[in-house]
Amino acid sequence: MANPLSKVYNGNDSLALASGNFALSGFVGTQGTGAELNGVSAGTFNSKNVLQATTVSAGLTSATLGGLASGVNASNYSLPTTATAAGTITAKGIAVSGLTAQNKVYDSDRTAMLTGTAVLDSQSLIQGDMVSLTGTASGLFADKQVGTNKTVTISGLTLGGADASNYNMTSHAATTANITQKALTISGITAASKTYDGTRNATVNT
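Just so it is clear, the model here is predicted, and its values are computed rather than measured.

A.B. asks: Talk me through the overall build of the protein chain; I want residue IDs and the actual numbers.
C.D. replies: Check the secondary structure of the protein chain and you find 0 helices and 17 strands. A compact globule built from 206 residues would reach a C-alpha radius of gyration of about 17 Å, whereas the protein chain, at 33 Å, exceeds it by more than 25%. With the principal axes as the frame, the protein chain shows a C-alpha extent of 125 × 40 × 20 Å. Considering the protein chain as a whole, with its 206 residues, one finds that 28% of them fall into the buried category. Within the protein chain, counting contacts between residues at least 6 apart in sequence, those at least 24 apart form 64% of the total.

As structure tokens, then:
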């Protein structure tokens, strides 16, 4: 079989195949030009899990040769009973939601306070898989400056459970929040006493 062979984790060890997945060799001269293998629609990984899946095998007992040039007799060639090739299963993406960043007053720091409870997207989990969230979530503003709808990146969470290695956390559900201006206090100003003059004017000393 031709490489690469790969799929995203879906809880099983099967892989859909097509004629283009097979590389044929051993023909006499140019008789193999345009040859293709028909009748094979699926292969099997050696494991359904991301870290263990390394090879794909396919049974060829029902396969036939097609695409041969005019005048080339397919019966002159025999096919092996199986074909094997390297293959990989990549982790399935899963998102995290449920956390919200809180607005804060400017304090020259990027740290954001988070509220809520982090949860995995259950629709992305393969039925029966055991995956959970571990760690403590923390939030960080993109920068420390005042602004509205500022992106807050959430980190600190990891995947746990027996099937965690088959998944990849695609996002920590980044959220937004505001940093508002810090109010300044002015002190040290005093008003001078005065004799009643019918006005509200006051003389101040800064």
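A.B. asks: Just give me the short version of the pattern of salt bridges, but keep the residues and values in it.
C.D. replies: Tallying each qualifying case throughout the model produces 3 salt bridges. Note that Lys104 and Asp107 form a salt bridge whose closest N and O atoms lie 2.9 Å from each other. By relative accessible area, Lys104 is classed as buried at 15%. Given a relative accessible area of 45%, Asp107 falls into the partly exposed group. The salt bridge partner of Lys150 is Asp143, with a shortest N-O separation of 2.6 Å. For Asp143, a relative accessible area of 32% puts it in the partly exposed group.

A.B. asks: Can you lay out the packing of aromatic side chains for me, pointing to particular residues and giving the numbers?
C.D. replies: A complete count under the given rule lists 2 aromatic pairs for this structure. When the centroid spacing of 5.5 Å and the interplanar angle of 70° are considered together, the rings of Tyr9 and Tyr167 count as edge-to-face. Residue Tyr9 is found in the loop between strand 1 (5–8) and strand 2 (14–16), and its partner Tyr167 is found in strand 14 (residues 167–171); the two are separated by 158 residues along the sequence. For the pair shown, Tyr9 and Tyr167 are each scored as buried.

The rules behind these values
- Residues numbered from 1 in each chain as written.
- Predicted model: local features only at pLDDT ≥ 70, side-chain atom pairs only at ≥ 80, totals over all residues.
- Heavy atoms only, no water.
- Helix = DSSP H or I, 4+ residues; strand = E, 2+ residues; numbered from the N terminus.
- Rg over C-alpha atoms; globule rule 2.2 N^0.38 Å.
- Buried < 20%, exposed > 50% of the residue type's maximum accessible area, 1.4 Å probe, protein only.
- Contact = heavy atoms within 4.5 Å.
- Salt bridge = Lys/Arg side-chain N within 4 Å of Asp/Glu carboxyl O.
- Phe/Tyr/Trp six-rings, centres within 6.5 Å; stacked < 30°, edge-to-face > 60°.

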